[in-house]
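Residue-level listing of the chains:
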Amino acid sequence: MIIGEAGRAAQTVFGDVLPGGPVYGGPGGGGGRFEMDAAELESVIGLWQDQLEKITADARVIEEILAGLTAPGPDPASSGYVTMGTDSLVALQSQNLSMKQYVQDYLKKLQAAKDKTVAADQANADLGRAR
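Only a predicted model underlies this, so the values are computations on that prediction, with no experimental measurement involved.

1. A look at the overall build of the chain
The number of helices and strands found in the chain is three helices and zero strands. In the chain, the succession of helices and strands from N to C terminus is α-α-α. Total accessible area computed for the chain in this model is approximately 8,800 Å², and 58% of it derives from carbon and sulfur atoms.

2. Concerning the packing of aromatic side chains
Applying the stated rule across the entire model yields three aromatic pairs. Plain terms: the ring middles of W48 and Y102 are 6.5 Å apart, the flat faces sit at 65° to each other, and that makes the pair edge-to-face. Residue W48 is found in helix α2 (residues 38-68), and its partner Y102 is found in helix α3 (residues 76-130); the two are separated by 54 residues along the sequence. For Y102, a relative accessible area of 46% gives the class partly exposed. Ring plane angle 65° and centroid distance 5.0 Å describe the contact between W48 and Y106, whose orientation is recorded as edge-to-face. With a gap of 58 residues between them, W48 in helix α2 and Y106 in helix α3 connect regions that are remote in the sequence. Overall, the relative accessible area of 4% leaves W48 in the buried class. Following the ring pairs from residue to residue traces out a cluster consisting of W48, Y102 and Y106.

3. Describing α3
For α3, spanning 55 residues, the distance from its first C-alpha to its last is 80 Å, which sits close to the expected 81 Å at 1.5 Å a residue. Residues of α3 that are buried: S78, V82, L89, N96, V103, Y106, L107, L110, K114 and T117.

4. Quick look at α2
Helix length check: α2, at 31 residues, gives a terminal C-alpha distance of 45 Å against a target of 45 Å (1.5 Å per residue), a fit within 8%. Residues of α2 that are buried include every one of A38, L41, V44, I45, L47, W48, Q51, L52, I55 and I62, and no others.

5. With respect to the side chain of T117
Residue placement: T117 occurs in helix α3. Only 2.9 Å separates the side chain of T117 from the backbone oxygen of A113, close enough to count as a polar contact. Beyond its immediate sequence surroundings of up to four residues, T117 is in contact with M36, D37, A38 and L41.

Basis of the calculations
Residues numbered from 1 in each chain as written. Predicted model: local features only at pLDDT ≥ 70, side-chain atom pairs only at ≥ 80, totals over all residues. Heavy atoms only, no water. Helix = DSSP H or I, 4+ residues; strand = E, 2+ residues; numbered from the N terminus. Areas by Shrake-Rupley, 256 points an atom, 1.4 Å probe, with all protein chains shown as cover. Phe/Tyr/Trp six-rings, centres within 6.5 Å; stacked < 30°, edge-to-face > 60°. Buried < 20%, exposed > 50% of the residue type's maximum accessible area, 1.4 Å probe, protein only. Expected span 1.5 Å × (residues − 1). Polar contact = N/O pair within 3.5 Å; in protein donor to acceptor, adjacent residues only side chain to side chain. Contact = heavy atoms within 4.5 Å.

So, in structure tokens, the structure goes:
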């Protein structure tokens, strides 16, 4: 069973093949909760960081295209072409920025989840040694 929302999100972005195989949840999941160990979370974080790099690279390409978009001639059709192209690229730029912000926020949540997992694992290990 693939982990709820996080698993579906990763599967949507990365397909069925994740490094190390699919990410599985623990038994009895529900209520929007899932379990992963720190290594699994690190793997998912790496995949999302890769996506962030691609989104950032796309932003640079969009900027370059916008900067180089010029009318092929002084006629109204040419200037209309540039206006429509610019409007489309600005919309694409806005969508790209929105995706970038989403991924950055999601990465923060994944990192926080990993940090909590590591802390809980350490606390459990310390408790086990104290017994």
